[in-house]
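Take a look at the letters that make up each chain.
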Amino acid sequence: MAVIDVKGVSKTFYSSGSILKAIKDISLSVNRGEFVSIVGPSGCGKSTLFNIISGLQLPDSGEIRINGENVTGKKGKVAYMPQKDLLFPWRTIIDNVVLGSEIQGIPVKQARKEALNLMPLFGLQGFEHSYPSELSGGMRQRAALLRTFLCKKDIMLLDEPFGRLDEITKSKMQKWLLDVWERFQTSILFITHDIEEAVFLSDRVYVFSDRPAVVNAEIKVNLSRPRSQDVINHPEFLNIKRRLWKALKESI
Amino acid sequence: MKKYFPSAAFMAAFLILWQFLVFLFDVESWFLPSPLLILKTLVESSDLLIHHTITTIYETLWGFFASVVTAFILAVVMDTYPTIKKGIYPLLVVSQTIPIIFIAPLLMVWFGYGLLPKIFVVALVCFFPIVVSLVEGLESVDPDMVNLLLIMGATKSQIFRKVRFPAAFPSFFSGLKIAATYSVMGAVIGEWLGASRGIGYFMILSSKSFRVDRVFAAIALISFLSLAFFGLIELASRLAMPWHYKNEQIPQELYDDTNE
């Protein structure tokens, strides 16, 4: 069953006489416990789609359904992680990660307890009471992910979360994200422009075209899980990568 | 502490030169007293000075406090209602072009010769830097942080309390520091124009009786008070924003263990 259903969503921006068609008739879905990625050329309107899904913007047409309920334009329905970690510099790590619970009015004490238990899994033990400025890029990203995770929503939107990390940290983070995802059976919609990252992480990949973005292809990733780093040399991996490349090239 | 060493050294050199020149040219003390004489006067008239200083401190603290409270309320109102901000903000800037020295006598006319007009002068002097720093601080928040909270379903008041206000802290405190350095001077100006107590009053009396050493002693005291007040705000800022002063990032390789 689909956790999230995006149905025929279009959005055009009008600003001072110019018309910018961002996305056109986008339909996609994520099933429960599924890891789905969106790849597309940069500036293709992926973030517009995320803004619409998260309720920050209204689509011109189409609707967003979460667990069958129409949530178009409603906020507070998804857990969102942007590319910037956006950790609040004035809060310690533990206070940062319980932010979602605080906003939802869940007793903070309980949220803190749960967060403390998860610190080791997120590689943050010993840094609970540090400030974000004292942490490395990878750790900050993990803290941001823990914050997203603790929002306890049915679907997590991750917007190029590793886009700013160096290759080695990035690959560690991908492996680790898969561990966390497998363990908690969450549903993830992941934006990236890194094809290899999309194949390595996902069950399915949507390819977006250049602006106005349409869904150009939907490719299933039939690679067994759990996946290790070696999977990138698997013939099927290379095959899917090739197909994604082809779809991307056609879309530009 | 180390970073103040060069300026302390320059100050010491200046004072020694001053002392030496006064001695060399045998300058009369009613014309220009030597630093040592000023120090001696400070000690000798300490009873008298303490009496006046207490009044000045009292005016300064009340004025500063009143200023912080009004500035805070006005900044929040301006931040919540952009129309009010558009209307008032330019006027605030214009108000700063009116010399305080001409407003102070009017305050005497309106509020008499008591402490109130002095407190008012201090509040007026402090108000502008505080309100501007607070408004700018509230504006400076990262819009993506606000969006993040919106997506979480936060209310307007939650957004103010959890992001915009804390984000304004660094700017707010720099405004407070500027205001703190002005505040003592504001009180002294108020006293200068008509008072029966306070350092400003003491200066007037001293200069009329050609006790230039006492005038300098008062100046030294004003500087000291301003610096002390500035230091107090700096301390408060460190207590209120420990995160702002902690910037040492631990190198990645020393703790990153995600691959284990």
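Our subject in this report is the structure included herewith. Since the structure is predicted, the reported quantities are computational estimates derived from the model, not experimental observations. (Residues numbered from 1 in each chain as written. Chains lettered and ligands numbered in written order. Predicted model: local features only at pLDDT ≥ 70, side-chain atom pairs only at ≥ 80, totals over all residues.)

Things to note about the sheet that holds strand β6 (residues 79-81) of chain A
All names here are of chain A. Test applied: Paired strands, as defined in this entry, are two strands with at least two bridges between them according to DSSP. Every helix listed is a DSSP run of H or I at least four residues long, and every strand listed is a run of E at least two residues long, numbered separately from the N terminus. Fitting a line to C-alpha atoms yields each axis, with helices limited to the stretch in contact; the angle taken between N-to-C directions then spans 0 to 180 degrees. Each residue is represented by a C-beta atom placed from its backbone, and any two residues with such atoms within 7 Å are regarded as in contact.
What the 6 strands build is an open sheet, ordered β6-β7-β8-β3-β9-β10; its pairing is mixed. The open sheet is flanked by β6 and β10 (215-220), the only strands paired with a single partner. Within this sheet the neighbouring strands show an average axis-to-axis angle of 15°, counted without direction. Bridge count for strand β7 (residues 155-159) against strand β8 (residues 187-192) is 5 bridges, and the pairing is parallel. By the bridge assignment, L158 is partnered in β8 with F190. Along the sheet, helix α1 (residues 46-53) contacts β3 (35-39), β7, β8 and β9 (204-208); its crossing angle with β7, the most-contacted strand, is approximately 150°. Sheet strands touched by helix α5 (residues 137-149): β6 and β7. Its angle to β6, the strand with the most contacts, is close to 170°.

Details of the environment of I119(B)
Residue and element names in this part refer to chain B. Spelled out, the test is: Think of it as a crowd count around each C-beta: if 20 or more other C-beta atoms lie within 10 Å the residue is buried, if 12 or fewer it is exposed, and in between it is partly exposed, with C-beta placed from the backbone throughout.
Relative to the helices and strands, I119 resides in helix α6 (residues 116-139). By C-beta crowding, I119 is classed as buried, having 25 other C-beta atoms within 10 Å. In this structure the C-alpha to C-alpha distance between I119 and L235, which are 116 residues apart in sequence, comes to 24 Å. Discounting chain neighbours no more than four positions away, the residues touching I119 are E59, W62, G63 and A66.

What to know about the packing of helix α9 (residues 199-208) of chain B against helix α10 (residues 212-240) of chain B
Residue and element names in this part refer to chain B. Heads up, the condition is: Any angle that falls under 35 degrees is termed roughly parallel, while one over 145 is termed roughly antiparallel, one within 65 to 115 roughly perpendicular, and all others oblique. Helix crossings get a hand from a simple test, with the near helix turned counterclockwise from the far one by less than a right angle marking a left-handed crossing and a clockwise turn marking a right-handed one. Amino acids outside the nonpolar list (Ala, Val, Leu, Ile, Met, Phe, Trp, Tyr, Cys, Pro) and the charged list (Asp, Glu, Lys, Arg) are all regarded as polar, and Gly is one of them.
Their axes nearest at 8 Å, the elements α9 and α10 cross at an angle of 160°. Here α10 runs roughly antiparallel to α9, going by the angle between their axes. Note that α9 runs across α10; the crossing there is left-handed. Here I199, F202, M203, S206 and S207 of α9 come into contact with α10, specifically with R214, V215, A218, L221 and I222. Of the residues contributing to the contact of α9 with α10, the split by class is 7 nonpolar, 2 polar and 1 charged.

Structural notes on the sheet that holds strand β1 (residues 2-15) of chain A
The strands that make up a sheet pair up through hydrogen bonds in the backbone, lying either parallel or antiparallel. Residue and element names in this part refer to chain A. Ordered by their spatial adjacency, 4 strands build an open sheet running β2-β1-β4-β5, and the pairing between neighbours is antiparallel. Since the sheet does not close on itself, it has two edges, and those belong to β2 (18-31) and β5 (69-70), each with one partner. In terms of strand pairing, strand β4 (residues 61-66) meets β5 through 2 bridges, oriented antiparallel. Note on β5: the bridge partner recorded for I66 is E69.

Re the nonpolar core
Soluble globular proteins tend to pack their nonpolar side chains together in the buried interior. Operational definition: Note on definitions: a nonpolar core is a set of buried residues drawn from Ala, Val, Leu, Ile, Met, Phe, Trp, Tyr and Cys, linked by C-beta atoms within 7 Å.
Ranked by size, the top nonpolar core spans 131 residues in total, and within it L157(A) and L244(A) carry the most contacts. The biggest single contributor to this core is α6(B), with 14 residues. In this structure L157(A) touches F50(A), I53(A), S54(A), V78(A), A79(A), Y80(A), M81(A) and L189(A), once residues within four positions along its chain are discounted.

Things to note about the interface of chain B and chain A
The partner chain A presents 24 residues to the 25 residues of chain B that form the contact. Elements represented by at least two residues in the side of chain B that touches chain A include exactly α7 (143-151) and α8 (156-192) of chain B. When residues of the side of chain B that touches chain A are assigned to their parent elements, the largest contribution, 7 residues, is made by α7(B). Here the side of chain B that touches chain A is composed, by residue class, of 12 nonpolar, 8 polar and 5 charged.

Concerning unusual backbone geometry
Going from R211(A) to P212(A), the amide bond is cis rather than trans, its omega being -15°. By the element assignment, P212(A) lies in the loop between β9 and β10. Cis geometry marks the peptide bond from R225(A) to P226(A), where omega comes out at -5°. With respect to the element layout, P226(A) can be found in the loop between β10 and α8 (235-251). For L86(A), which is not glycine, the phi torsion reads 50° and is therefore positive. For L86(A), the position within the fold is in the loop between β6 and α2 (93-97). Phi at D26(B) is positive, roughly 50°, even though this residue is not glycine. Tracing the sequence through the fold places D26(B) in the loop between α1 (5-24) and α2 (35-44). With 6 C-beta atoms packed within 10 Å, D26(B) lands in the exposed category.

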